[in-house]
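Here are the chains, one letter per residue:
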Amino acid sequence: MNDHPVIARIRLNPHSRDVQRDLRDATEMHRTVMRMAPDDLGNSPRHQAGLLYRLDETDTSSALLVQAASLNPSRLPTGYGHAEVKSLAPMFTALRKGLGVRYRIVLNPTKRERLSLEEKGKRGRIVALSGADADQWWLRRAAEAGLDIHVLTPTSIEPSRPRNREAHPMRHSLLRYDGTATVTDPDALRDAILHGIGRGKPYGAGLLTLAPARSK
């Protein structure tokens, strides 16, 4: 994978039927963003492409952020939205220990259920975390990713799910975290940005974006 991927910001056209469909159906959204990646990537195309994405919504607009080793927005459906693509190389070059940043990430905080001794050898089911448990999960994962979190503001967002009746009836509980942090390990942070954090990556979780912290 390219060590300096690109990121596309796509301002979605709310009148597009393709956009409306994708906003209702997590599986369709994943299928659409994968159209921007190269073909013939084998059995794990999202992983091979290094593709991560996130939907940023406000009361008045929706933007889709897509990161990958390479992207071709011209392959999106006609009228889907306006895309701007930029390299992440300058950001990676700027990363250094002690750098203050603002961050945003959508996560699917989870843990594996502990089983009784009678069920030894079996694996517990994956359960979603919320509230303080989810906050602590993010603080631990951020520390592993080379970030010392100063401020975290959680926002619950609509759970991602497939609408196709034939699809597996999974559901991902999603939380968005915004805040400020200090870089403690640029190499670990670079890896976390490239590969994403946590579960639910095919459904819009795991993409960490950074910006310089505002000077006081």
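Residues numbered from 1 in each chain as written. Predicted model: local features only at pLDDT ≥ 70, side-chain atom pairs only at ≥ 80, totals over all residues. Heavy atoms only, no water.

Asker: Quick question: what am I supposed to make of the overall build of the chain here?
Answerer: Tallying secondary structure elements over the chain gives 6 helices and 10 strands in all. Looking at the 216 residues of the chain, the share that counts as buried comes to 42%. Pairs at least 24 residues apart make up 73% of the contacts formed inside the chain by residues separated by at least 6 positions. Just so you have it, the chain exposes about 12,500 Å², and 46% of that area is on carbon and sulfur atoms. (Helix = DSSP H or I, 4+ residues; strand = E, 2+ residues; numbered from the N terminus. Buried < 20%, exposed > 50% of the residue type's maximum accessible area, 1.4 Å probe, protein only. Contact = heavy atoms within 4.5 Å. Areas by Shrake-Rupley, 256 points an atom, 1.4 Å probe, with all protein chains shown as cover.)

Asker: Explanation requested: the environment of Thr184 in the structure shown.
Answerer: In this fold, Thr184 is placed in the loop between strand S9 (172-183) and helix H6 (186-195). Under the relative-accessibility criterion, Thr184 is labelled partly exposed at 37%. A C-alpha to C-alpha distance of 6.4 Å links Thr184 and Asp148, two positions 36 residues apart in sequence. Filtering out sequence-adjacent residues up to four positions away, Thr184 remains in contact with Lys97, Gly146, Leu147 and Asp148.

Asker: Just checking my understanding: could you explain the confidence of the model for the chain for this structure?
Answerer: Atomic detail in the predicted coordinates should be set aside for any region of low pLDDT. Here the chain averages 88 in pLDDT, while 86% of its residues score no lower than 70. Confidence drops under a pLDDT of 50 for residues 166-170, and excluding neighbours within four residues, the segment shows 6 contacts in the predicted structure. (pLDDT = per-residue confidence, 0-100.)

Asker: Would you mind going over the sheet that holds strand S1 (residues 6-12) with me for this structure?
Answerer: Strand pairing in a sheet is mediated by backbone hydrogen bonds. Such pairs are either parallel or antiparallel. Across the sheet, 4 strands lie side by side as S2-S3-S1-S4; this open sheet has antiparallel pairing. Sheet topology places strand S2 (52-57) and strand S4 (81-87) at the edges, where each strand pairs with a single neighbour. In this sheet, neighbouring strand axes are inclined to one another by 15 degrees on average, regardless of whether the strands run parallel or antiparallel. Sheet topology places S1 next to strand S3 (residues 62-68); 6 bridges connect them, and they run antiparallel. If you follow Ala8 over to S3, its bridge partner there is Val66. Contacts from helix H2 (residues 26-34) reach S2 and S3 within the one sheet, and its direction differs from that of S2 by about 120 degrees. (Pairing = 2+ DSSP bridges. Axes fitted to C-alpha atoms, helices over the stretch in contact; angles between N-to-C directions.)

Asker: Please explain the packing of helix H1 (residues 17-24) against H2 as it appears in this structure.
Answerer: Helix packing for two helices is described by the angle between their axes and how far apart those axes are. Relative to each other, H1 and H2 sit at 125 degrees, their axes nearing to 5 Å. In terms of orientation, H1 lies oblique with respect to H2. Where H1 abuts H2, its residues Arg21, Asp22, Leu23 and Arg24 lie against Ala26, Glu28, Met29 and Thr32. Of the residues contributing to the contact of H1 with H2, the split by class is 3 nonpolar, 1 polar and 4 charged. (Parallel < 35°, antiparallel > 145°, perpendicular 65-115°, else oblique. Nonpolar A, V, L, I, M, F, W, Y, C, P; charged D, E, K, R; others polar.)

Asker: Is there a simple way to explain the packing of aromatic side chains in this structure?
Answerer: Both the distance between ring centres and the angle between the ring planes are used here to describe each pair of aromatic rings. Tallying each qualifying case throughout the model produces 2 aromatic pairs. Plain terms: the ring middles of Trp138 and Tyr177 are 6.1 Å apart, the flat faces sit at 25 degrees to each other, and that makes the pair stacked. Here Trp138, found in helix H5 (residues 131-144), pairs with Tyr177, found in strand S9; they are 39 residues apart in sequence, far enough to count as distant. As far as burial versus exposure is concerned, Trp138 and Tyr177 are alike and both buried. (Phe/Tyr/Trp six-rings, centres within 6.5 Å; stacked < 30°, edge-to-face > 60°.)

Asker: Even after reading the chapter, I still don't get the pairing of S2, so can you show me in this structure?
Answerer: The side chains of a regular strand alternate, residue by residue, between the two faces of the sheet. As defined by bridge partners, S2 adjoins S3 across 6 bridges and the pair is classed as antiparallel. Paired with Leu55 across the two strands is Leu64, which belongs to S3. Adjacent in sequence and paired antiparallel, S2 and S3 are bridged by 4 residues.

Asker: I would appreciate a short explanation of the pattern of salt bridges in the present structure.
Answerer: Working definition: two side chains of opposite charge can pair if their charged atoms are close together. One pass over the structure, following the stated rule, counts 12 salt bridges. For Arg11, the salt bridge is made with Glu84, and the minimal N-O distance between the two is 3.7 Å. Here Arg11, found in strand S1, pairs with Glu84, found in strand S4; they are 73 residues apart in sequence, far enough to count as distant. By relative accessible area, which is 44% here, Glu84 ends up partly exposed. With a shortest N-O distance of 3.1 Å, Arg21 and Asp18 are connected by a salt bridge. One end of the pair, Arg21, and the other, Asp18, are both in helix H1, 3 residues apart, so they sit about a helical turn from each other. Judged by relative accessible area, which is 24%, Asp18 ranks as partly exposed. (Salt bridge = Lys/Arg side-chain N within 4 Å of Asp/Glu carboxyl O.)

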